[in-house]
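# Understanding the architecture of this molecule
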Amino acid sequence: MKSFLGKRAIASAISLIGLIILVFFLSRLTGDPTNLYLPVDASQESRDRFREIHGLNDPLIVQFFHYMSDLVQFDFGMSIRRAEPALDAVLRAFVWTLQLAIITMTLVTGSAIVLGSLAAYHVGGFFDRIATFCSLIGASAPDFWIAIVAIVVFSVHLGWVPTSGTGTVLHWILPIGVLFIRPFGLIVQVVRGSMITALSSAYVKTARAKGVRNRPIIFVHALRNAMLPVITVIGDQAASLLNGAVVVETIFGFPGVGKLMIDSILQRDFAVVMAAIFVTAVAIFVMNILIDILYAVLDPRIRY
Amino acid sequence: MPLKISRISATLLATTIAGQVLAQESVTVVLSEELENVEPCMAAKSNIGRVILQNVSETLTELVPGAGLQPRLATSWEDMGGGTWRFTLRDGVTFSDGTALDAADIVFSLERNKSDKFVCETGAKYYGGFELTTDIVDDLTIDITSDPAQPILPLLMSTLAVLPSESNPDAFVDQPVGTGPYTFDEYARGQYIKLSARDDYWGDAPTVQDATYVFRSESAVRAAMVEAGEADIAPNIALQDATNPETDYSYPNSETVYMRIDNSTAPLDDVRVRQALNYAVDREAFIGTILADGTLQATGMTPPSTIGYNHDLSPYPYDLDKSKELLAAAAADGVPVDAEITLIGRLENFANVTETMEALTSMWQEAGLNIKLQMVETAEWNEYYSKPFVTDGRPIMVEAMHDNANGDPVFSMFNKYGSEGVQSGVADPKLDEMIATATAATGDERQGLWEETFAYVFNDIVADVFLWHMVGFTRVNERLDFEPSIKTNSELQLSQIEFK
Amino acid sequence: MALSEQTFVADAPPAWVSILRMLWRDKFAFCAAVFLLVVILCALFGPTLLEDIATKQNLRGRNAAPFDFSLHWTMWLGGDALGRPLFARIIVAARNTMFIATGAVICSMAIGTTLGLIAGYSSRMASQIIMRLADVIMSFPSLLLAVIVLYMLAPSVGNLIVVLAITRIPVYLRTSRAEVLEVRERMFVQAAQVMGASTNRIVFRHILPVVFPTLVTIATLDFAFVMLAESSLSFLGIGIQPPEITWGLMVSQGRPYLTTAWWLSFWPGLAIILTTLSLNLLSNWMRTALDPVQRWRLETPRQKNA
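Here the structure is a predicted model, which means the values were calculated and not measured.

### Describing the overall build of chain A
- Counting its secondary structure elements, chain A contains 13 helices and zero strands.
- Secondary structure elements in chain A, listed N-terminal to C-terminal, are α-α-α-α-α-α-α-α-α-α-α-α-α.
- Across its three principal directions, the C-alpha atoms of chain A cover 85 × 60 × 30 Å.
- Pairs at least 24 residues apart make up 71% of the contacts formed inside chain A by residues separated by at least 6 positions.
- Roughly 12,000 Å² of accessible area belongs to chain A as shown, and the carbon and sulfur atoms make up 72% of that amount.
- Averaging the coordinates of the 23 positive side-chain charges in chain A and doing the same for the 18 negative ones gives two points 21 Å apart.

Encoded structure:
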């Protein structure tokens, strides 16, 4: 295990550096930010001054070396747009995103596994049909529908929860509720499919034949076997939450990293784009390492 | 697992503060975008100006809709000749940090506005093309000289936020200090901004004691927040969300939508083709449907309340036959009227922009023009809109929305129509001359000259397709006594708000 | 191999008859198949038949409410923000929508699965490289990718598919690789190894069938995701641009009207939901009809014949 972690850490660090280089050069291909920051009527003199101040006149490779030498000291540069260190902006937003992602995925994982397994137990039964229908509709409905309808119903008409924003525990209910739906629908389906296979597999049948009548035991055994694809898909969904839940952030005014990233990309605020990708990438890499460890825990036959 | 749950609930509790309850004398304003910074010299950007201008930071003069230029921090000003204006400052004004306002603060603010450490929006937008020098006469008197002379220097001073000379000259401030009726208390990035009333303000004490600004980009949510009583004012809600006449005010928002035509490429270099483009648009049909009731058909680049706006011009009527005739005549002279014309639209420029552009495209196609619509994001749009234009030899029209809330066409005309103007699609020596003369003139003469210039652009060279002067919607909570105006687009003075 | 399949078809009643029979037995799957058939027909013939009606504007009939049966049948689902008939537009949009969604989902699934199988069944070095590449793609924001593609290449439907496909590769890759790690330790695979089966054969004949159902489940739901994600990239000017339409674009164009004219985004959204639902029901039926465990058992005697 130790050697696995060591190798894995090195490989991840290398790909992180690769990612940084890739993003640095590719993002610069998307144009000069000068015109986006200055009023349309700005004179050439102001434009030149802006480029000079932000080092945009240097050759790209020089800008790159400046960037990397700062990065070694963990300095991600200043955000042009926000006039604050890029990393401050990103970390502040990421803390919100991380909380949202952890809470949502915990709820999703728990409920989807229970519901998906129950659906798989009686394939084609009434419960299975209902669970499948609801989860599929949830997973394929546009998220902003659910968000706006939820605001109109629960906040404006019923007045149970605030429309949007942050501040109290109540403010979290709608964003989490909306974010919950798509991963939930997807994971219920994956659990269901995986469990159908596991429950019909030879060893579960053997166990039953041998007289293990205890349903929970059969369940736990089958589940353990069915978990590999489930964990992978949970990881995939968690990664997309860590990259930012843009629709939820936009509608509920939730100060997460997704909208920050989009605004920074559209505004060519490269320092923030780089810092945001760096932070989310670290989180995603760590999560993937945990998932790989979990594979080996669940199925001791898996070796790396 | 229990450990995890308790950690999560701890996080939840940690972020819990008292719920927002709308208290008497407090207002909550829900803005459409977060403020990227709170630097007063960036207040020419409407999202920043709405929070800072005249609330935290004040200006020497103030343009009041319907009343013209009024004193604010300056009590009077006079033209000393030779491009010099003398401003007399109000006595007894203090900044929220306790220091007194004096002439040195004005000098500092002007210099900072053109700093070489950063680029200020106000400086870049309004203070280009001339040099300003200052001369402190005494603590409360200052001479400002511009070269070349600016007849509208007092008007320009209505854009300059005054900072104390103790402010950081090298970087943006994140805790602005000003002379205004409110102090800037806190900016929790991504969440809210809080202002509260000062008790040592030089003017009348405002009714609103504190204000919270929050940010929601979805118009429907902003409208819902006022409806649910979570917010008091929601500037900029979309037409389709302004459904309640009791709370939703419409007002001209000083924006003008037009098609910038590159007059130098065929077939757009032919005046008949440009006339045909104008005749083929049923401007009326948009109003009350895709665009709000109260939208005005435009004949010029600035809103009708601007000095020198030519009220005698009437919009091109919708006349499809006339349009086709003009095109046929041009075609007979060998103008390639069937060439594909690219129409560049800017995504998210105003509510319903895509629908508007689609509808315009089909109107022009109806007239027999070969129009291809391309909607692009702002960064790409800039490449088409500002010089050097991206053309590749193609005929191109660019949809643009221009904002001039400053009451004088000088802020628009040079850049939009001068041969050297950054967004100008025309190069006409006579027009250059007219703009230069009008810019230097004063009083009634200035007004007459601008009127002539507007007429020349509209009737003679038919430079562009003017479309509409837009209106905005603001939803105001019924407990407030507040009516938005044309200035609400760029500033929102809390001191003007009363409770019913 | 080709020979054994022919024998199978010759022995049984005609394959399509038995498939139809099995389909008829599952009424949900049958409805799903019919619905998908209708969508495919719309995609094939819709644009030719209804293009003109679908682009005809009528500003005064803007946001016309649905279920006004006195109007032309194309207006029964209401009119959009420019007064164009929604029903006709949904039919016309089926082509672009299905083309993009199918293209993106199939590309990402094919590439992702192949790479995942390689990563799971080849040297540690190759596996490590592929997996870290997947990490990189996973943390690369799709919007940035879209903006970059937009600036380097001309906006086109093909590029849109590329962007969407790339962003969805990691989930297939990671899923198939995780399954391979487990399946390759199973008894039957080890048995095949002992018997000297080639790697290709083990991967494609033994491992892929076990992995496949999970991938199909993900893919059917990805259909919905891709249809909606496509519209979120449209706002950058990449891919489908008005007056061209897709369901996703219609959904997002209806967004500002959700509280005042719900039908603008509801009908195209419903089309997306029904398509996804149908695909999923059909794939669940296929899983039952062609259970991989069963098939493996069925295939063994035929291998002897070959």
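Past the structure itself, the notes keep going.
### A look at the overall build of chain B
- Along its length, chain B carries 14 helices and 19 strands.
- For 500 residues, the compact-globule estimate of 2.2 N^0.38 gives 23 Å, and chain B sits close to it at 25 Å.
- In terms of principal-axis extent, the alpha carbons of chain B reach across some 75 × 70 × 45 Å.
- The 500 residues of chain B split such that 60% are buried.

### Let's talk about the pattern of salt bridges
- By the definition in use, this model includes 36 salt bridges over all chains.
- As a salt-bridge pair, Asp292 of chain A and Arg177 of chain C come within 3.1 Å of each other at their nearest N and O atoms. With one member in each of two chains, Asp292 of chain A in helix α13 (residues 270-298) and Arg177 of chain C in helix α7 (residues 157-183) form a pair that bridges those chains. By the burial criterion, Asp292 of chain A is buried, and Arg177 of chain C matches it.
- Here Asp248 of chain B makes a salt bridge to Arg475 of chain B, at a shortest N to O gap of 2.6 Å. Here Arg475 of chain B lies in strand β17 (residues 465-476) and Asp248 of chain B lies in strand β12 (residues 248-261), a separation of 227 residues in the sequence.
- In this structure, a network of salt bridges that share partners links the residues Arg8 and Asp292 of chain A together with Arg132, Asp135, Arg174 and Arg177 of chain C.

### Some words on the domain arrangement of chain A
Residue and element names in this part refer to chain A.
- Domain annotation of chain A identifies domain 1 (2-72) and domain 2 (86-298).
- On a C-alpha basis, the centroid separation for the pair domain 1 and domain 2 is 32 Å.
- Across the boundary between the two partners, domain 1 contributes 18 residues, which contact 16 residues of domain 2.
- Carbon and sulfur atoms make up 73% of the surface buried where domain 1 meets domain 2, a total of about 1,600 Å² over both sides.
- Among the residues of domain 1 in contact with domain 2, Arg8, Leu16 and Leu36 are the three that bury the most area, contributing 28% of the side total.
- Inspection of the region where domain 1 meets domain 2 yields one salt bridge.
- Between Asp292 and Arg8 there is a salt bridge, with the nearest N and O atoms lying 2.6 Å from each other.
- Counting across the domain 1 and domain 2 interface gives three residue pairs in polar contact (both at pLDDT 80 or more).
- Looking at the side of domain 1 that touches domain 2, the element that brings in the most residues is helix α1 (residues 2-28), giving 12 residues.
- Of the residues that constitute the side of domain 1 that touches domain 2, the class distribution is 11 nonpolar, five polar and two charged.

### What to know about the state of the cysteines
- Evaluation of the coordinates by the stated rule reveals one disulfide over all chains.
- Through a disulfide, Cys41 of chain B is tied to Cys120 of chain B; the S-S separation comes to 2.0 Å. Between Cys41 of chain B and Cys120 of chain B the disulfide shows an S-S torsion of about -75 degrees. By sign, it is left-handed. Of this pair, Cys41 of chain B sits in the loop between β1 (26-31) and α2 (46-52) while Cys120 of chain B sits in the loop between α3 (103-113) and α4 (121-126), placing them 79 residues apart in sequence. Exposure class is identical for Cys41 of chain B and Cys120 of chain B. Each is buried.
- Considering cysteine sulfurs only, Cys31 of chain C is the nearest to Cys134 of chain A, which forms no disulfide, with 18 Å between them.
- We note that Cys42 of chain C lacks a disulfide partner, and the nearest cysteine sulfur, in Cys31 of chain C, lies 17 Å from it.

### Let's talk about empty space enclosed by the protein
- Counted according to the given criterion, the structure contains three cavities of 30 Å³ or more.
- Considered as a void within the structure, the largest cavity measures approximately 100 Å³ in volume.
- Together, Glu355 of chain B together with Asp80, Ala81, Leu82, Arg84, Leu86, Arg89, Met250, Gln253, Gly254 and Leu264 of chain C line the largest cavity.
- Looking at the lining of the largest cavity, the elements that each hand over two or more residues are α4 (86-121) and α10 (247-254) of chain C.
- Element by element, the count of residues in the lining of the largest cavity is highest for α10 of chain C, at three residues.

### Section: the interface of chain A and chain C
- Across the contact, 65 residues belong to chain A and 55 residues belong to chain C.
- Counting the surface lost from both chain A and chain C, the interface buries some 5,500 Å², and carbon and sulfur atoms represent 69% of this.
- Taken as a group, Ser140, Phe144 and Trp145 of chain A account for 11% of the area that chain A buries against chain C, more than any other trio of residues on that side.
- Summed over the shared surface of chain A and chain C, the result is five residue pairs in polar contact (both at pLDDT 80 or more).
- Among the elements of the structure, α1, α6 (126-140), α7 (143-157), α8 (170-199), α10 (215-242), α11 (246-252), α12 (257-266) and α13 of chain A are those that each provide at least two residues to the side of chain A that touches chain C.
- With 10 residues, the top contributor of residues to the side of chain A that touches chain C is α1 of chain A.
- Across the side of chain A that touches chain C, the residue classes break down as 36 nonpolar, 18 polar and 11 charged.

### So, the interface of chain A and chain B
- Counting residues at the interface gives 45 residues for chain A, matched by 50 residues for chain B.
- Together chain A and chain B conceal approximately 3,900 Å² of surface at their shared face, both sides included; 56% is due to carbon and sulfur atoms.
- Considering only the surface of chain A that becomes buried against chain B, Val40, Asp41 and Arg49 of chain A emerge as the three largest contributors, covering 14% of it.
- Run the count over chain A and chain B and you get three salt bridges.
- Close ionic contact of Arg268 of chain A with Glu377 of chain B constitutes a salt bridge, the shortest N to O distance being 2.8 Å.
- Remark: the boundary between chain A and chain B carries 10 residue pairs in polar contact (both at pLDDT 80 or more).
- When contributions to the side of chain A that touches chain B are tallied by element, the ones reaching two or more residues are α2 (34-37), α3 (44-53), α5 (86-121), α7, α11 and α12 of chain A.
- Ranked by residue count, the leading element in the side of chain A that touches chain B is α5 of chain A, at six residues.
- By residue class, the composition of the side of chain A that touches chain B is 22 nonpolar, 14 polar and nine charged.

### Considerations on the pairing of strand β6 (residues 131-138) of chain B
Residues and elements named next belong to chain B.
- Direction of pairing for β6 relative to strand β7 (residues 141-147): antiparallel, over a ladder of seven bridges. Bridge assignment links Ile136 to a residue of β7, and that residue is Ile142.
- Here β6 folds back onto β7 in antiparallel fashion, the turn holding two residues.

### Considering α3 of chain A
- Every buried residue belonging to α3 of chain A is among Ser46, Arg47, Arg49 and Phe50 of chain A, and all of these are buried. In a view along the axis of α3 of chain A, the buried residues occupy a sector of 165 degrees, so they form one face of it. Exposed side chains of α3 of chain A directed beyond 90 degrees from the buried face belong to Gln44 and Glu52 of chain A.
- Looking at the packing, one finds that the buried side of α3 of chain A touches α2 of chain A together with α4 of chain B.

### Here we look at the domain arrangement of chain B
All names here are of chain B.
- With domains assigned, chain B is organised as domain 1 (27-56 + 180-247 + 477-500), domain 2 (60-159) and domain 3 (252-471).
- Placing the centre of domain 1 and that of domain 2 at their C-alpha centroids yields a distance of 26 Å.
- With 19 residues of domain 1 in contact, the opposing surface of domain 2 contributes 21 residues.
- Summing the contributions of domain 1 and of domain 2, the shared interface buries around 1,500 Å²; its carbon and sulfur component is 51%.

### Things to note about the sheet that holds β7 of chain B
Residue and element names in this part refer to chain B.
- Overall, antiparallel pairing links the four strands, which are arranged β4-β5-β7-β6 in an open sheet. Two strands in the sheet have a free side with no partner beyond their single neighbour: β4 (74-81) and β6. Across the sheet, the mean angle separating the axes of adjacent strands is 20 degrees when strand polarity is ignored.
- Along the sheet face, α3 touches β5 (84-89), β6 and β7 and points at about 170 degrees away from the line of β6.

Analysis parameters
Residues numbered from 1 in each chain as written. Chains lettered and ligands numbered in written order. Predicted model: local features only at pLDDT ≥ 70, side-chain atom pairs only at ≥ 80, totals over all residues. Heavy atoms only, no water. Helix = DSSP H or I, 4+ residues; strand = E, 2+ residues; numbered from the N terminus. Contact = heavy atoms within 4.5 Å. Areas by Shrake-Rupley, 256 points an atom, 1.4 Å probe, with all protein chains shown as cover. Lys, Arg positive; Asp, Glu negative; His and termini not counted. Charge placed at Lys NZ, Arg CZ, Asp CG, Glu CD. Rg over C-alpha atoms; globule rule 2.2 N^0.38 Å. Buried < 20%, exposed > 50% of the residue type's maximum accessible area, 1.4 Å probe, protein only. Salt bridge = Lys/Arg side-chain N within 4 Å of Asp/Glu carboxyl O. Domains from an automatic or database assignment. Buried area = accessible area lost by both parts, 1.4 Å probe. Polar contact = N/O pair within 3.5 Å; in protein donor to acceptor, adjacent residues only side chain to side chain. Nonpolar A, V, L, I, M, F, W, Y, C, P; charged D, E, K, R; others polar. Disulfide = S-S within 2.5 Å. 1 Å grid on protein atoms, 1.4 Å probe; cavity = no way out; pocket = protein on both sides within 12 Å on 5 of 7 lines; lining within 4 Å. Points joined across faces, edges and corners; volume = space filled by probe spheres on them. Pairing = 2+ DSSP bridges. Arc of directions from axis to C-beta. Axes fitted to C-alpha atoms, helices over the stretch in contact; angles between N-to-C directions.

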